[in-house]
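Structure assessment
What follows is the residue order along each chain.
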Amino acid sequence: MAGTVLSTTMDVPTKAVETSINPPKDLDAGALFVLKSEGSWLHCGYHLTTSIVAPVLLSLPYAMGLLGWVGGIMWLALAALVTFYSYNLLSLVLEHHAKLGHRYLRFRDMATHILGPGWGRYFVGPLQFGICYGAVIVCSLLGGQSLKFIYLLYKPNGSMQLYQFIIMYGVLMLFLAQMPSFHSLRHINLLSLILCLTYSACAAVGSIHIGSTGKAPPKDYSQSDDGANRLFGAFNGISIIATTYASGIIPEIQATIAPPVTGKMFKGLCICYTVIITTYFSVGISGYWAFGNGAQGSILSNFMAGDKPLLPSWFLLMINVFTLTQLAAVNLVYLQPTNEVLEGFFANPKRDQFSVRNIVPRLIFRSLTVVIGTTIAAMLPFFGDIMALFGAFGYMPLDFVLPMIFYNVSFKPSKNSLIFWINTIIAVVSSALAVVGAMSSVRQMVLDAKTYSLFANM
């Protein structure tokens, strides 16, 4: 991915950019086939929601436990405001360059043409590829854990291991991964949007029911007396919240919109953030209220007391099925950057997308991508801890820092203007939080190292 930067800008007159829905013929196969520009703003909203609102939101009560009531709600709201602002800035930069005759279809293209070739080739490209493929591995791990939860719900003393369920999930993804383009996921991502609203509502209702009936342990909202633990815990909580709002593929999602693109991304973001506000605050607040500092890494774990479910088994089954199904959609979304890179190298843009010449390498390399990701997830079931480190170094720069830099470089606002300093402050603070968040992640990995082993049944 880092070795070659292929031409993917639409170097055509502004009028052509704003009216034509057909991509230019000189695009590489990755952009031409995977990032088809045929979607509406509604489709954009579905893609955005699936890329951001994922089962990781079920960890928000745990993050609030690390920050407390005031800190938790404040950072939930602040992260929402900053990311909504950041993603809109990124969209405005893309629209600005599209009007100038250069429609950038990928994050690394933006970096290459705004900051210089080295930024796209050696920083943004590898960084985005790493976090997106890391997200694919985490989805495989979470999918396996969800299947295992369902299995143990009905067979508490079952002997099947986690890696077996991860492999089952991987077999499912082998088939789904052959979806030809990002745009072809629009109906799947609409279902994903509905599912995340549904399982979030179920999680909130379940928390409120347990908390109000006295089934939960005594609530404790106090913070740690140990200064170091409290500080690192707070930064860990901030990192978790920041990661739940992260996307890392905003330009690729905007690339799926049919021209003219002006204003469509904003509408899509409004759909997405309506879902975010509804789900994040309901799950975070209800889960923390019900379980206090006892909230676990996933609030669903709090719905079990050892082997005994605190809610009806059918209810827990329903939540896990909804979660598992949405995980598959999230997995597909984060496979798209990998698919785009592979098709750029191995497909022929001068042949039809569904010709034998292009179908065979697509089938081989997409299957290989899923097999490798599934194998890593099965071997390293503690990959979530590693991904937290990648998230600090990956999502923070892509979603919180670079949009501010791109805007300031592209629009060149006066250094005396408010927007220049808002962007600069957000970029600097986010960079500092990325460093501290990485330190917190390393510390957590050291603390958890005793539980690490290959193919562990976690």
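Let me sum up the structure you'll find in this document. (Residues numbered from 1 in each chain as written. Predicted model: local features only at pLDDT ≥ 70, side-chain atom pairs only at ≥ 80, totals over all residues. Heavy atoms only, no water.)

**Some thoughts on the overall build of the protein**
The following threshold applies: Note on conventions: DSSP H or I runs of at least 4 residues are helices, E runs of at least 2 residues are strands, and numbering of each starts at the N terminus. Here's how the labels work: a residue is buried when its accessible area is under 20% of the maximum for its type, exposed when over 50%, partly exposed in between, all with a 1.4 Å probe on protein chains only. Note on definitions: a residue-residue contact is assigned when non-hydrogen atoms from the two residues lie within 4.5 Å. Method for areas: the Shrake-Rupley scheme with a 1.4 Å probe, in which residue coverage is limited to the protein chains shown.
If you tally the helices and strands in the protein, you get 15 helices and 2 strands. Among the 458 residues that make up the protein, the fraction classed as buried is 55%. If you take every contact in the protein between residues at least 6 apart in sequence, the share linking residues at least 24 apart comes to 82%. Just so you have it, the protein exposes about 18500 Å², and 71% of that area is on carbon and sulfur atoms.

**A short note on helix α13 (residues 356-379)**
To be explicit about the condition: To estimate the expected span of a helix, subtract one from its residue number and multiply by 1.5 Å.
With 24 residues, α13 extends 34 Å from end C-alpha to end C-alpha; this agrees with the ideal 34 Å at 1.5 Å per step. By the burial criterion, the buried members of α13 are Asn358, Pro361, Arg362, Arg366, Ser367, Thr369, Val370, Gly373, Thr374, Ala377 and Ala378. Buried residues along α13 sit in contact with α2 (29-34), α6 (117-154), α7 (162-176) and α12 (313-346).

**So, unusual backbone geometry**
That bond from proline 259 to proline 260 is cis: its omega, -5°, falls within 30 degrees of zero. Located in the positive-phi region is lysine 412, a residue other than glycine, with phi close to 50°. Note on placement: lysine 412 falls in the loop between α14 (383-411) and α15 (418-448).

**Some points on the pattern of salt bridges**
To keep it simple, the criterion reads: Salt bridges are counted wherever a side-chain nitrogen of Lys or Arg sits within 4 Å of a carboxyl oxygen of Asp or Glu.
For the structure shown, the criterion picks out 6 salt bridges. Linking glutamate 340 and arginine 106 is a salt bridge whose minimum nitrogen-to-oxygen distance equals 1.9 Å. Here glutamate 340 is found in helix α12, whereas its partner arginine 106 is found in the loop between α4 (60-99) and α5 (107-114), with 234 residues between them in sequence. Each member of the pair glutamate 340 and arginine 106 is classed as buried. Connected through shared salt-bridge partners, Asp28, Arg106, Arg108, Asp109 and Glu340 make up one network.

**Topic: a nonpolar patch on the surface**
For the record, the criterion: To count toward a patch, a residue needs a relative accessible area over 30% and no salt bridge; like charges are then connected within 9 Å, while nonpolar side chains (Val, Leu, Ile, Met, Phe, Trp, Tyr) are connected within 5 Å.
Taken together, the side chains of Tyr163, Ile167, Val171 and Phe175 present a nonpolar region at the surface, about 390 Å² in accessible area. Mapped onto the elements of the fold, tyrosine 163 is located in helix α7.

**Re the nonpolar core**
Here is the rule: What makes a nonpolar core is a set of buried Ala, Val, Leu, Ile, Met, Phe, Trp, Tyr and Cys residues whose side-chain atoms join them at distances within 4.5 Å.
Within the largest apolar cluster, 119 residues are counted, with the highest numbers of intra-cluster contacts made by Tyr245, Tyr280, Phe303, Tyr334 and Phe406. Those residues within four positions of phenylalanine 303 in sequence are excluded, and the remaining contacts are Ala203, Gly206, Ser207, Ile210, Phe291, Lys308, Pro309, Leu310, Leu311, Leu316 and Ile319.

**A few points about helix α3 (residues 41-52)**
Along its 12 residues, α3 runs 16 Å from first to last C-alpha, staying within 8% of the 16 Å computed at 1.5 Å per residue. Within α3, 10 of the 12 residues are buried, which leaves the element mostly enclosed by the surrounding structure. Of all the positions in α3, only His43, Cys44, Gly45, Tyr46, His47, Leu48, Thr49, Thr50, Ser51 and Ile52 are classed as buried. Along its buried surface, α3 packs onto α4, α8 (186-213), α9 (227-244), α10 (250-254), α11 (264-291) and α12.

**Description of the packing of aromatic side chains**
How two aromatic rings sit relative to each other is set out by the distance from centre to centre and by the angle between their planes. The following threshold applies: Aromatic contacts are taken between Phe, Tyr and Trp rings whose centres are within 6.5 Å, Trp giving its six-membered ring; a plane angle under 30 degrees counts as stacked, one over 60 as edge-to-face, and the others as tilted.
Going through the model one piece at a time under the given rule, you end up with 16 aromatic pairs. Where phenylalanine 346 meets phenylalanine 365, the ring centres are 4.0 Å apart and the plane angle is 10°; that geometry is what we call stacked. In this pair, phenylalanine 346 is assigned in helix α12 and phenylalanine 365 in helix α13, connecting sequence segments 19 residues apart. When its relative accessible area of 35% is taken as the criterion, phenylalanine 346 is described as partly exposed. Residue class for phenylalanine 365 comes out partly exposed when judged on its relative accessible area of 25%. A network of ring pairs unites the aromatic residues Trp69, Tyr221 and Tyr288 as a single cluster.

**Structural notes on the environment of tyrosine 221**
Which entries qualify depends on this criterion: Any N or O atom pair separated by 3.5 Å or less is treated as a polar contact, with the protein-specific requirement of one donor-capable and one acceptor-capable atom, and with residues adjacent in sequence counted only for side-chain atom pairs.
Summarising the element assignment, tyrosine 221 is placed in the loop between α8 and α9. As a C-alpha pair, tyrosine 221 and glycine 68 span 153 residues in sequence and 6.7 Å in three-dimensional space. If we skip the residues at most four places from it in the chain, tyrosine 221 touches Trp69, Tyr288, Trp289, Gly292 and Asn293. In terms of polar contacts, tyrosine 221 uses its side chain to reach the backbone carbonyl oxygen of tryptophan 289, at 2.5 Å.

**Digging into the side chain of serine 91**
Counting through the fold element by element, serine 91 comes out in helix α4. In this view, serine 91 contacts Gln254 and Met265; residues no more than four positions away in its chain are not counted.

**Some remarks on the packing of α6 against α13**
For clarity, the cut-off: To get an axis, fit a line to the C-alpha atoms, keeping to the stretch in contact for a helix; angles then go from 0 to 180 degrees between the N-to-C directions. Reported orientations rely on four angle classes, namely roughly parallel under 35 degrees, roughly antiparallel over 145, roughly perpendicular from 65 to 115, and oblique for the rest. In a left-handed crossing the near helix is turned counterclockwise from the far helix by less than a right angle, and in a right-handed crossing that turn is clockwise.
In the contact formed by α6 and α13, the axes pass within 8 Å of each other and the chain directions differ by 60°. The angle between α6 and α13 places the two elements in the oblique class. The handedness of the crossing between α6 and α13 comes out as right-handed. Touching Tyr133, Ile137, Ser140 and Leu141 of α6 are Thr369, Ile372, Gly373, Thr374, Ile376 and Ala377, all from α13.

**Looking at the environment of serine 239**
Along the chain, serine 239 falls in helix α9. Overall, the relative accessible area of 14% leaves serine 239 in the buried class. Placed 195 residues apart in sequence, serine 239 and alanine 434 show a C-alpha to C-alpha distance of 7.9 Å.

**Re the state of the cysteines**
This is how the line gets drawn: Cysteine sulfur atoms that come within 2.5 Å of each other are treated as a disulfide pair.
The tally for this structure, following the rule as stated, stands at 0 disulfides. Residue cysteine 44 stays outside any disulfide, its sulfur separated by 8.9 Å from that of cysteine 272, the closest cysteine. Here cysteine 272 stays free of any disulfide, with the sulfur of cysteine 196 as its closest cysteine sulfur at 8.8 Å. Residue classification places cysteine 272 among the buried residues on the basis of a relative accessible area of 0%.

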